[in-house]
Amino acid sequence: MKNMKNKYLYIQTFGCQMNVHDSEQMAALLADIGYQTTDNKKLADLILLNTCSIREKAEQKVFSELGRLVKLKEQNPALIIGIGGCLAQHLGDRIFKRVAQVDLVFGTHSIHLLPQMISSLQKERRKITQIDFHRKLISLGVFAPPPKDSVSAFVTIMQGCNNFCAYCVVPYLRGPEMSRRPEDIIEEIKKLADHGIKEITLLGQNVNSYGNNLGNNFSFASLIKKIGKVEGIERIRFTTSHPKDLSEELINCFTEEEKLCEHIHLPVQSGSNRILALMNRGYTVEEYRAKVDHLRRVCPRISITSDIIVGFPGEEQNDYQETIDMMEKIRFDSVFSFKYSERKGTAAQKLEGKVDESEKLRRLKELQLLQNIYTLEKNTALEGSRQELLVEGKSKNSASDLMGRTRSWKIVNFRGKPGLAGKLVDVKIFKAYLHSLRGEIIQN
Ligand code: 5AD
Ligand code: SF4
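Computed from a predicted model, the values in this text were never measured in an experiment.

What counts, and at which threshold
Residues numbered from 1 in each chain as written. Chains lettered and ligands numbered in written order. Predicted model: local features only at pLDDT ≥ 70, side-chain atom pairs only at ≥ 80, totals over all residues. Heavy atoms only, no water. Helix = DSSP H or I, 4+ residues; strand = E, 2+ residues; numbered from the N terminus. Rg over C-alpha atoms; globule rule 2.2 N^0.38 Å. Contact = heavy atoms within 4.5 Å. Areas by Shrake-Rupley, 256 points an atom, 1.4 Å probe, with all protein chains shown as cover. Near = heavy atom within 4 Å. Polar contact = N/O pair within 3.5 Å; in protein donor to acceptor, adjacent residues only side chain to side chain. Nonpolar A, V, L, I, M, F, W, Y, C, P; charged D, E, K, R; others polar. Core = buried A, V, L, I, M, F, W, Y, C linked by side-chain atoms within 4.5 Å. Buried < 20%, exposed > 50% of the residue type's maximum accessible area, 1.4 Å probe, protein only. Pairing = 2+ DSSP bridges. Axes fitted to C-alpha atoms, helices over the stretch in contact; angles between N-to-C directions. Disulfide = S-S within 2.5 Å. Domains from an automatic or database assignment. Arc of directions from axis to C-beta. Salt bridge = Lys/Arg side-chain N within 4 Å of Asp/Glu carboxyl O.

### Focus: the overall build of the protein
Along its length, the protein carries 13 helices and 19 strands. Since a compact globule built from 444 residues should have a radius of gyration of about 22 Å, the 22 Å found for the protein is in line with a globular shape. Projecting the C-alpha coordinates of the protein onto the three principal axes gives extents of approximately 60 × 60 × 50 Å. Long-range pairs, those at least 24 residues apart, make up 72% of the contacts in the protein between residues at least 6 apart in sequence. Entry remark: accessible area of the protein is about 20,600 Å², with carbon and sulfur atoms responsible for 50%.

### Considering the site of ligand 1
Neighbouring residues of ligand 1: Ile54, Arg55, Tyr167, Gln269, Asp307, Ile309, Phe338, Lys339, Tyr340, Ser341 and Arg343. Residue Arg55 places a side-chain N or O atom 2.8 Å away from an oxygen atom belonging to ligand 1. Asp307 places a polar side-chain atom, nitrogen or oxygen, 2.6 Å from an oxygen atom of ligand 1. Compared with its free state, where it exposes 400 Å², ligand 1 has 86% of that area covered by protein. Looking at the shell around ligand 1, the elements with two or more residues in it are β13 (303–310) and β14 (334–339). Across the shell around ligand 1, the residue classes break down as 5 nonpolar, 2 polar and 4 charged.

### Let's talk about the side chain of Glu315
Position of Glu315 among the secondary structure elements: in the loop between β13 and α12 (317–330). Of the polar contacts made by the side chain of Glu315, one reaches the backbone nitrogen of Gly311; its length is 2.8 Å. Side chain to side chain, Glu315 and Arg363 meet in a polar contact 2.9 Å long. With residues near it in sequence (within four places) discarded, Glu315 still touches Ile275, Ile309, Val310, Tyr320, Val355 and Arg363.

### Digging into the nonpolar core
The biggest cluster of nonpolar side chains holds 66 residues, and the ones touching the most others in it are Ile157, Leu202, Phe220 and Phe238. Leave out the neighbours within four places in its chain, and Ile157 touches Met178, Ser179, Arg180, Ile185, Leu202, Leu203, Val207, Tyr210, Phe220 and Leu223. By size, the runner-up hydrophobic cluster in this structure holds 24 residues, among which are Ala44, Ile47, Leu69 and Phe96.

### A closer look at the sheet that holds strand β11 (residues 235–239)
A sheet is described by the order of its strands in space; here 3 strands give the open sequence β7-β10-β11, paired in parallel fashion. Whereas interior strands pair on both sides, the edge strands pair on one side only; in this sheet they are β7 (152–156) and β11. For this sheet, the mean angle separating the axes of adjacent strands, direction not counted, is 25 degrees. Where β7 and strand β10 (residues 199–203) come together, 5 bridges link them in parallel fashion.

### Some remarks on the state of the cysteines
In a disulfide, the sulfur atoms of two cysteines are held together by a covalent bond. By the definition in use, this model includes 0 disulfides. Sulfur of Cys299: no disulfide; nearest cysteine sulfur belongs to Cys261 and is 11 Å away. Overall, Cys299 belongs to the buried group, its relative accessible area being 5%.

### Looking at the domain arrangement of the protein
One frequently used descriptor of interface size is the decrease in accessible area upon assembly of the parts. According to the domain assignment, the protein contains domain 1 (7–130), domain 2 (145–261) and domain 3 (386–441). Here domain 1 and domain 3 have C-alpha centroids that lie 36 Å from each other.

### Thoughts on the sheet that holds β14
Each strand in a sheet pairs with its neighbour through backbone hydrogen bonds, running either in the same direction (parallel) or in the opposite one (antiparallel). Spatial strand order, β12-β13-β14: 3 strands in an open sheet with parallel pairing. The open sheet has two free edges, formed respectively by β12 (263–265) and β14, since each of these has just one partner strand. Sheet twist, expressed as the mean angle between neighbouring strand axes with direction ignored, is 15 degrees. In this structure, β13 lies alongside β14, joined through 6 bridges in parallel fashion. Bridging from a neighbouring strand, Val310 pairs with Lys339 of β14.

### So, helix α9 (residues 248–256)
Those residues of α9 that sit buried are Leu250, Ile251, Cys253 and Phe254. Along the axis of α9, the buried residues cluster in a sector spanning 145 degrees; they form a single face. Every exposed residue of α9 that faces more than 90 degrees away from the buried side is listed here: Glu248 and Glu256. Buried residues along α9 sit in contact with α8 (220–227), β11, β12 and α11 (285–298).

### Some remarks on the pattern of salt bridges
This structure, assessed with the given rule, holds 32 salt bridges. In this structure, Arg126 engages Glu124 in a salt bridge whose closest nitrogen and oxygen atoms are separated by 3.1 Å. You can call Arg126 exposed: its relative accessible area is 57%. Among the salt bridges present, the one from Arg235 reaches Glu199, with a minimum N-O distance of 3.5 Å. Taken together, the residues span a long stretch of sequence, with Arg235 in strand β11 and Glu199 in strand β10 at a distance of 36 residues. For the residue pair Arg235 and Glu199, the accessibility class agrees, reading buried in each case. Taken together, the shared-partner salt bridges in this structure form one network comprising Glu199, Arg235, Arg237, Glu262, Glu388 and Arg407.

### Structural notes on the site of ligand 2
Around ligand 2, the structure places Cys161, Asn163, Phe164, Cys165, Tyr167, Cys168, Val170, Pro171, Gln205, His242 and Arg281. A class-by-class count of the residues in the shell around ligand 2 yields 7 nonpolar, 3 polar and 1 charged.

### Quick look at the pairing of strand β17 (residues 411–415)
In this structure, strand β16 (residues 401–406) lies alongside β17, joined through 5 bridges in antiparallel fashion. Directly across from Met403, in β17, lies its bridge partner Asn413. Where β16 folds back onto β17 in an antiparallel hairpin, the turn is made up of 4 residues, including Trp409, whose phi is positive at roughly 80 degrees. Alignment of β17 against strand β19 (residues 437–441), held across 3 bridges, turns out to be parallel.

Spelled out as structure tokens, the structure:
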């Protein structure tokens, strides 16, 4: 099939890293039926939007992009438009009612069916909806070769989620948790290493419960240890961890496994026990803090980042204040913070005590200002320190600078030759900013 005439594919990805990786798999599958990716949508024969539905804002972004694509289709009626990902899973063929120009709606379990569906649309323009859930992990077996010159890659180790946090649509849109077999994951990582990848980030909604459905007592920590032996891979990261399942075995990996980077993203969501219970998170603030203390005791260098939602239904001023107090005590390295966004079908939708939009915004802004102080404080503490960087390439700030990340996931800009891309170098940090650090190479 590879000798078919080349056609152009444009994929736009919304939302999380999981989606970024799914898009890479889509591109790899469609390359097999003659589609070459382009970053110019005007050239495209096929446009796919890989969508997110986690908050209302994410959905709005997709629909405004679709509005622009409709105009492209008026100029090029042969253009195929497909909508995949969480919003597609959520709305199914209702998308056709909102935007008649869409040809294909495919859900989160149907990526592997893309070549078949696109070939059928090429022959006959009959709208396709494919949003079935499958019991097996079919789509994750697709190997997506990393883009040229990349040093870092994502590897999905599991899909779905069984946690049903009260605010979250993921369990409904990505289905129950299913883990990939360790041997399949290792094989993929070996292939990535052969392509020059040095750093891998293991992806899952709750990596700490990796292996639960495999029935072989193979834990996430055991997986990390196995990956640590793959030649060529220098750094291992993972996201996201659920605090309730963070095991001592995994915490110990931060000192025992040399390749595991000293960073953990550990979403806390709220500092109020009452709200955490309403959210169905399965831990108290005290238990969360005990895990943070344990992490810092075992690995003092570890950087800890988190997610926080403000304005969850029933969140009173004193609950919010407890979140602020917790942040003051914990001092996260950085925080992704969100206004609660009501999602259809979730448990939180039925809760009373909805918080006004303006009040949510006030809390969010205040919380972000406060976190900026802590983030800068954490970054400033690194001034004068020596840090190992994996050089990713040119810096966004200046053409003569390079950019790399520390093991603790902080961005460092520094002066250096482009040939250093993909290499591990040591730098001395001499200036800290809110979103990055500035360093200089230490000559050995
Ligand atoms: N409203 C606001 N934030 C949400 N998140 C998930 N669902 C919602 C929602 N309905 C946030 C959580 C999660 C992150 C990925 O997105 O903080 O950890
Ligand atoms: Fe959503 Fe909770 Fe699952 Fe994370 S753990 S994906 S927040 S339900």
